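Listed below are the residues making up each chain.
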Amino acid sequence: MKLKLTSSILIIIILLSQPLVKAQQNLEDIYKVVEFEMPKVKVTNFPDFHRSIVEFGAVGDGLTKNSDAFKLAIEEVSNNGGGKVIVPRGIWLTGPITLLSNINLHLEDGALIIFSRDKEDYPLVDTSFEGLNTVRCLSPINAYQVENIAITGKGTIDGSGDAWRAVKRDKMTENQWNNLVKSGGIVEGTNWYPSQSFLDGYHASSSFNVPDIKDRKELEKMKDFLRPVMVSIRESKRVLLDGPTFQNSPAWNIHPLMSEDVIIRNLNIRNPWYSQNGDGLDLESCKNALIYNNTFDVGDDAICIKSGKDKDGRDRAIPTENVIIKNNLVYHGHGGVTVGSEMSSGVKNIHISNCTFMGTDIGLRFKSTRGRGGIVENIWISNIDMIGIPTEAIGFNMFYTGNSPIIEGDQSEEDEKRQENIIPVTEETPVFRNISMKNIQVTDSETAAFFMGLPEMKLENVRLENAVLDAKNGIKAIDASGLELINIKILGTNEVPLTIYNSQRVTVSGFKFEENGKPAVWVLDNSNQVELDKADFSKPDQILKGTGLPANAVKMN
């Protein structure tokens, strides 16, 4: 079937049918049309008691360090049973802020909290980062084993992340790079490092950002490398983040870890696009969470669902479960909504809907690798609009090695090359199954969808339904089982719209495509039980079969 629908017309249809700035939703609306039994998240509640940090000597000039004023104000409110700690208009320089139970840190309009660039303000603490048990610097905002806490208001929280991060040369303009080099630090290869301490830590790490060294004295020497997440909330209950802008984090921006009853709403989460590991929100091993009405523009994944990495994650055995993600807007980021790659405790019961991704490297991103273990299952995704996606609008990669989706100057495509060998299935084998996506609109993008499981553990029971995908490349399915593609339109591609390799039980129905002189479907070797709807194809040569396929591998119904 040939369609005459240009990318420009499709863009107009999307913009008219799904406004990018969506209406605010009340809390009850969030629970509507959810495919699993979602417990109502327990909400925060604070006494009518408040103190301003000014009452404790804070000076909002951006020069005076107000660490003691924040500490004293929080302790005063806590000792009186809880309430608001008010941050008025001004520029409030401070060291780390530790939240106690029943504290609402409230930023009034025009309030800016900016964290100190002095590493001595951030002692080393035992924590978890990138799913591993490790030691990092204390987070600028931190909470541990507390209950009923909030950060609210219309102000801004800035983590002074540029004091902590390394920068890749090809992520900056020439003028930006020259100014950065002039500011100090060390250039090695194509990277800039803020200090020798950072560089020592980098060389001591074989697992990205977690050093192999365990000795505390040695870690102190490479303290600059152990940059913290900006907001660390660990093992806590009833958490609300509502209203502020969170920006310029040293590593990840917001990191709820092993916590319950979490609400993240109405936030503006920002990081420079060059910020390595500059994730927006990493929800890790959390139960019962709502994420809605937020805007992201970050340097790495925007909304990321995690649950620990490898053995440390499996030993933790706390999945992320019962999560609703609605009405979020993502600009730059490696992934709009991402699951993994640290998912070793498992992920289940996730609802994602009514989100818009504009220029995000990958839209819907699922990633893992051998060695992780963990089960990701029962994910429901609907009503997603994407435009200008430079790689895959929908991407499943079970061979993920940590690289950016866009190959950068110090990376190689060989690093993420598919490994054909089949290895035994063990507790280290990741499992992704029972994932439904419907009502997906993609325009002006590079690749419509990429589904890749493992040879020994297929990507299982994934359904894509009612999708219009305008992209240069079509859909590729590798190592999938139980894949359903129902009512799919592929527009704009000069390649084969659908390629299937080493996959079984693939059902395709209501498949529409623009004729481009190439086959519509290419079924390669090692595939079987591929069912196509004969009503979708007008010519026999629109189906291309690999020479090694069994005679009955492809059926026309």
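It should be noted that the structure appears before, not after, this text.
In this report, the structure presented in the accompanying data block is examined.

Procedures and definitions
- Residues numbered from 1 in each chain as written.
- Predicted model: local features only at pLDDT ≥ 70, side-chain atom pairs only at ≥ 80, totals over all residues.
- Heavy atoms only, no water.
- Pairing = 2+ DSSP bridges.
- Helix = DSSP H or I, 4+ residues; strand = E, 2+ residues; numbered from the N terminus.
- Contact = heavy atoms within 4.5 Å.
- Axes fitted to C-alpha atoms, helices over the stretch in contact; angles between N-to-C directions.
- Salt bridge = Lys/Arg side-chain N within 4 Å of Asp/Glu carboxyl O.
- Buried < 20%, exposed > 50% of the residue type's maximum accessible area, 1.4 Å probe, protein only.
- Phe/Tyr/Trp six-rings, centres within 6.5 Å; stacked < 30°, edge-to-face > 60°.
- Core = buried A, V, L, I, M, F, W, Y, C linked by side-chain atoms within 4.5 Å.
- Polar contact = N/O pair within 3.5 Å; in protein donor to acceptor, adjacent residues only side chain to side chain.

Within a beta sheet, neighbouring strands are joined by backbone hydrogen bonds and run either parallel or antiparallel to one another. One open sheet accounts for 3 strands, arranged β13-β15-β14; its pairing is antiparallel. Each edge of the sheet is formed by a strand with only one pairing partner; in this case those strands are β13 (167–168) and β14 (186–188). Taken together, the 2 bridges between β13 and strand β15 (residues 191–193) define a ladder with antiparallel strand orientation. Bridged to K168 within β15 is N191. The sheet contacts of helix α4 (residues 174–182) involve β13, β14 and β15, and relative to β15 the element is tilted by about 35°. Contacts from helix α5 (residues 196–203) reach β14 and β15 within the one sheet, and its direction differs from that of β14 by about 30°.

The subject of this paragraph is the pattern of salt bridges. Tallying each qualifying case throughout the model produces 26 salt bridges. When the shortest N-O distance is used, the salt bridge between K32 and D29 registers 3.1 Å. Judged by relative accessible area, which is 24%, D29 ranks as partly exposed. A salt bridge links R265 to D242; the nearest nitrogen and oxygen atoms lie 2.9 Å apart. Residue R265 is located in strand β20 (residues 260–265), and its partner D242 is located in strand β17 (residues 237–242); the two are separated by 23 residues in the primary sequence.

This paragraph deals with the environment of Y331. On the secondary structure map, Y331 appears in the loop between β27 (329–330) and β28 (335–339). You can call Y331 partly exposed: its relative accessible area is 33%. For the pair formed by Y331 and D297, sequence separation is 34 residues and the distance between their alpha carbons is 4.9 Å. When neighbours within four sequence positions are excluded, Y331 is seen to be in contact with T295, F296, D297, M358, G359 and T360.

Turning to the packing of aromatic side chains, a few remarks are in order. Throughout the structure, instances matching the rule amount to 12 aromatic pairs. A centroid spacing of 4.3 Å and a plane angle of 0° characterise the contact between F366 and F396, whose relative ring orientation is stacked. In this pair, F366 sits in strand β30 (residues 362–367) while F396 sits in strand β32 (residues 392–397), placing the two residues 30 residues apart along the sequence. Comparing F366 with F396 shows no difference in burial state: the two are buried.

Moving on to α5. In an α-helix, one turn spans 3.6 residues; hence positions three or four apart end up facing the same way. Taken as a whole, α5 has its buried residues at S197, F198, L199 and G201. Of the surrounding secondary structure, the elements contacted by the buried residues of α5 are β14, β15 and α6 (216–221).

Along the chain, the position of N45 falls in the loop between α2 (27–30) and β1 (50–52). Judged by its relative accessible area of 59%, N45 falls in the exposed class. When the C-alpha positions of N45 and G82 are compared, they lie 9.5 Å apart, and in sequence the two are 37 residues distant.

Here the focus is the pairing of strand β22 (residues 281–284). Residues L281 and L283 line one face of β22 and the alternating positions D282 and E284 line the opposite face, and both faces are buried. In the sheet, strand β19 (residues 254–257) pairs with β22 via 2 bridges, with the strands oriented parallel. Within β22, the position partnered with L257 by the bridge is E284. Pairing geometry for β22 and strand β25 (residues 303–306), over 4 bridges, is parallel. Paired with E284 across the bridge in β25 is K306.

Let's shift gears to the nonpolar core. Counting residues in each nonpolar core, the largest one holds 128 residues, and the members touching the most others are I440 and F451. Per-element accounting of this core gives the leading share, 11 residues, to strand β33 (residues 431–452). Listed in part, the 12 residues of the second largest apolar core include I30, M38, L240 and Y292.

This brings us to the environment of S139. With respect to the helices, strands and loops of the structure, S139 is situated in the loop between β9 (132–137) and β10 (141–144). Each C-alpha atom, one on S139 and one on R227, is 8.4 Å from the other, the two residues being 88 residues apart in sequence. Apart from the residues lying within four places of it in its own chain, the contact partners of S139 are P96, P228, V229, M230 and S232. Within the local environment of S139, its side chain forms a polar contact with the backbone oxygen of V229, the two atoms lying 2.8 Å apart.

On to unusual backbone geometry, then. Along the chain, G340 connects to S341 via a cis peptide bond; the corresponding omega equals 0°. Its identity as a non-glycine residue notwithstanding, N148 has a phi of 65°, on the positive side. Mapped onto the fold, N148 is located in strand β11 (residues 147–153). For N148, a relative accessible area of 1% corresponds to the buried category. Phi is positive for N266, which is not a glycine, with a value near 60°.

Below, the discussion takes up the pairing of strand β37 (residues 498–501). As judged from the 4 bridges shared by strand β34 (residues 459–478) and β37, these two strands associate in the parallel manner. Paired with A477 across the bridge in β37 is I500. Relative to strand β39 (residues 521–523), β37 runs parallel, the two sharing 3 bridges. Residue pairing for β39: L498 is matched across the bridge by V521.

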